[in-house]
Amino acid sequence: MASVSASTTSGNVASAPRVVRVGAVGDLHCTKNSEGQFKTMLGQLGPNVDILLLAGDLTDYGLPEEAQVLVRELTAVNVPIVAVLGNHDYESGQHEEITKVLVGAGVKVLDGDACEVLGIGIAGTKGFAGGFGRGTLGPWGETIVKQFVHEAVNEALKLESALSRLRMEQRIALLHYSPTEATVEGEPREIFPFLGCGRLAEPLTRYPVAAVFHGHAHRGSAEGRIGEKVPVYNVALPLLRGLWPDQPPVRVIEVKVAEIRA
């Protein structure tokens, strides 16, 4: 279990830090027939997490009916839940309806915005494809290519905007697409450009975060880094089930948040 500490805020006195346990999983791909498939797993998290993050692809065909099944499964969770949507949640063009179902059940859904939970700032957006490093697609040529690249740039800007609004010392970024090639390793190399985009890493190097969580790469790698300091965790459910067949397939990290006294 990873642990991240917060430093003392200048001008204030900090008591001993408290530990906030952040659990994350993505790619549940809930269908109309998924009743009962997640409740036991999620219920087992009870004493082990203080916040649950959902990293997109919450539904399989992007249908509100699937989201309604999911929120019934989420009743087993008694901690704050924060989510982003994934590409599957957009499949039927009903992502706004899915968001309404989730929000109506008390889930905080982020799309280029941020929230604070238990002293931790969480910035979230779906992200997009586009490739990494020298293989990153550029905005040149046909209009459709430029539109594709514009979407990737826009998602990176949404992430940057969300991070810039957080003033607390401990921040977490929640995505669906990967911001680094490191956590898609293990997938066929031919599809790397469709699993994430290095443009998402740019704001993460400017705004310090304790961790980045994403899904999407079901056969990728569980952990990677952006530079030397930013840990990235791939929390796609199929990947975590393969890693931990005998325990709840949820990545949990501990974040130490200082109790500040004026």
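Scroll up to find the structure.
This write-up is about the structure you can find in this document.

Cut-offs and rules
- Residues numbered from 1 in each chain as written.
- Predicted model: local features only at pLDDT ≥ 70, side-chain atom pairs only at ≥ 80, totals over all residues.
- Heavy atoms only, no water.
- Pairing = 2+ DSSP bridges.
- Helix = DSSP H or I, 4+ residues; strand = E, 2+ residues; numbered from the N terminus.
- Axes fitted to C-alpha atoms, helices over the stretch in contact; angles between N-to-C directions.
- Salt bridge = Lys/Arg side-chain N within 4 Å of Asp/Glu carboxyl O.
- Buried < 20%, exposed > 50% of the residue type's maximum accessible area, 1.4 Å probe, protein only.
- Phe/Tyr/Trp six-rings, centres within 6.5 Å; stacked < 30°, edge-to-face > 60°.

**Observations regarding the sheet that holds strand β8 (residues 120–124)**
- Strand order in the open sheet formed by six strands is β7-β8-β9-β10-β12-β11, with mixed pairing between adjacent strands. Of all strands in the sheet, those with a lone pairing partner are β7 (113–117) and β11 (223–226), marking the two edges. With direction set aside, neighbouring strand axes in the sheet form an average angle of 25°.
- Here β11 runs beside strand β12 (residues 230–234); their pairing, made up of four bridges, is antiparallel. Counted as the bridge partner of Glu 223 is Tyr 233 from β12.

**Concerning the pattern of salt bridges**
- Under the definition given, this model contains nine salt bridges.
- Residues Lys 158 and Glu 155 are paired through a salt bridge, measuring 2.9 Å at the closest nitrogen-oxygen approach. Here the residue Lys 158 and the residue Glu 155 both occupy positions in helix α4 (residues 143–164), the gap between them amounting to three residues, near one helical turn. Per residue, the accessibility class of Lys 158 equals that of Glu 155, and both read buried.
- The shortest N-O distance in the salt bridge between Glu 223 and Arg 251 comes to 3.1 Å. Taken as a pair, Glu 223 in strand β11 and Arg 251 in strand β13 (residues 251–257) lie far apart in primary sequence, 28 residues in all.
- Under the relative-accessibility criterion, Glu 223 is labelled partly exposed at 48%.

**So, the packing of aromatic side chains**
- In this structure the tally under the stated criterion is three aromatic pairs.
- Measuring from ring centre to ring centre gives 6.1 Å for Phe 128 and Tyr 177, while their planes differ by 55°; the resulting arrangement is tilted. Pair noted here: Phe 128 is in the loop between β8 and α4 and Tyr 177 is in the loop between β9 (171–174) and α5 (201–206), with a separation of 49 residues, a long-range link. Taken as a pair, Phe 128 and Tyr 177 share a single burial class, namely buried.

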